[in-house]
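Descriptive analysis of the structure
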Amino acid sequence: MTTKTFKRPDGRKPEEIRPMSAKVGVVPNADGSAMFSFGDTVAIAAVYGPRKMHPQHSQNPEKGTLRCNYNMFSFSVAERARPGPNRRSTEISKITEWALEPIVMIKKYPNMVVDVHIGILQANASTRCAGINAAALALAHAGIPMKEMVSSVSIGKLDKNLVVDVVKEEEDWEEGEGATDIPITLTNSGKITHIQLDGKITSEELKQVLKLAKKVNKEIYEVQKKALKESVKF
């Protein structure tokens, strides 16, 4: 639902994603790596493994472990972020694992671990979604078996208007009913692997959100697919 007079802070249409870019192989010493950006939100991901899980008591003889670490670099925002892990980064690290686990065939690696390190180089909202997109690309680049690709995007509700790929100014929206932020991760076949809700929304609006997410995630998937194809040398 979008009112006719509604205008986004950066001039985009409600269903318009910021310009996207993606590239794999950006960290030479990693087993797989990638960069993904929504406008000036830029994430990189590096994959190490599969390798033996240490300490030994953490090993799982039935399947491997997918371990994600999300971190915003101190220079990624205008006001210098405090370096090191915090409650937010710990939460997003776990959310990223949940978003990726359904598509990673981790059962092939008992007693082993696949580490995914995600760093936010530059932040203007939607960082967890950019990080998930970069991580999925890095896993594919590393040759980790995956059932399919996942793509992630944030859907926002500003008063009664639904918008895609929220920016910081929209996250801080204070007019009317305020802002609602809904990060969603979908497989390229349309299955949800992760959804969060920060704010209020009706069940009917949620249906519209899911429909919108499926539509725009096809655009994100095409960017991811292009980056992987360009990395293959014939």
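Placed above this text is the structure.
Note that residues are indexed from 1 along each chain, following the sequence as it is written. This being a predicted model, a pLDDT of at least 70 is required before a residue's local features are given, and a value of 80 or more before pairs of side-chain atoms are given or counted; all residues contribute to the totals for chains, interfaces and linings. Note that water and hydrogens are dropped before the side-chain values are worked out from all heavy atoms of the structure.

Before going further, it helps to spend a moment on the nonpolar core. In terms of nonpolar packing, the biggest core is built from 49 residues, with F36, L66, L100, V104, V116, L139 and I155 touching the most fellow members. The element contributing the most residues to this core is helix α2 (residues 127-141), with nine residues. Those residues in contact with L139 that sit more than four places away from it in its chain are V47, L66, L100, V104, V114, V116, I144 and M146. Joining through side-chain atoms within 4.5 Å is the link that ties buried Ala, Val, Leu, Ile, Met, Phe, Trp, Tyr and Cys residues into a set, and such a set is a nonpolar core. Think of it in three bands: with a 1.4 Å probe and only protein chains considered, a residue is buried below 20% of the maximum accessible area for its type, exposed above 50%, and partly exposed in between. Listed in part, the five residues of the second largest apolar core include F6, L158, V163 and W173. Think of it this way: any DSSP run of H or I at least four residues long counts as a helix, any run of E at least two long counts as a strand, and we number them from the N terminus. The criterion used for residue contact is that any of the two residues' heavy atoms lie within 4.5 Å.

For this analysis, a ring pair means two rings from Phe, Tyr or Trp (six-membered ring only for Trp) whose centres lie within 6.5 Å, classed as stacked if their planes differ by under 30 degrees, edge-to-face if by over 60, and tilted for the remaining angles. Tallying each qualifying case throughout the model produces one aromatic pair. Centroid distance F36 to F38: 5.1 Å. Interplanar angle 75 degrees. Geometry classified as edge-to-face. When its relative accessible area of 0% is taken as the criterion, F36 is described as buried. Residue F38 is classed as buried on the basis of its relative accessible area, which comes to 0%.

Two quantities define a packed helix pair, namely the angle between the helix axes and the distance between the axes. Across the interface, α2 lies against helix α4 (residues 203-231) with an axial gap of 11 Å and an inter-helix angle of 35 degrees. The two elements α2 and α4 cross, and the hand of that crossing is right-handed. In contact with N133, A136, L137, A140 and H141 of α2, α4 contributes I220, Q224 and L228. Across the contact of α2 with α4, the residue classes tally to five nonpolar, three polar and no charged. What counts as an axis is a line fitted to C-alpha atoms, over the stretch in contact for a helix, and the angles between N-to-C directions run from 0 to 180 degrees. What makes a crossing left-handed is the near helix being turned counterclockwise from the far one by less than a right angle; a clockwise turn instead makes it right-handed. Only Asp, Glu, Lys and Arg are considered charged, only Ala, Val, Leu, Ile, Met, Phe, Trp, Tyr, Cys and Pro nonpolar, and every remaining residue, Gly among them, polar.

By convention in these notes, a salt bridge is any Lys or Arg side-chain nitrogen within 4 Å of a carboxyl oxygen on Asp or Glu. Tallied over the full model, the rule gives twelve salt bridges. K215 is the salt-bridge partner of E15, the closest N and O atoms lying 2.7 Å from each other. Taken together, the residues span a long stretch of sequence, with E15 in the segment before β1 (20-24) and K215 in helix α4 at a distance of 200 residues. On the basis of relative accessibility, which here comes to 49%, the residue K215 falls in the partly exposed class. Note that D40 and R18 form a salt bridge whose closest N and O atoms lie 3.5 Å from each other. Here D40 is found in the loop between β2 (32-38) and β3 (41-52), whereas its partner R18 is found in the segment before β1, with 22 residues between them in sequence. On the basis of relative accessible area, D40 is assigned to the partly exposed category, the value being 34%.

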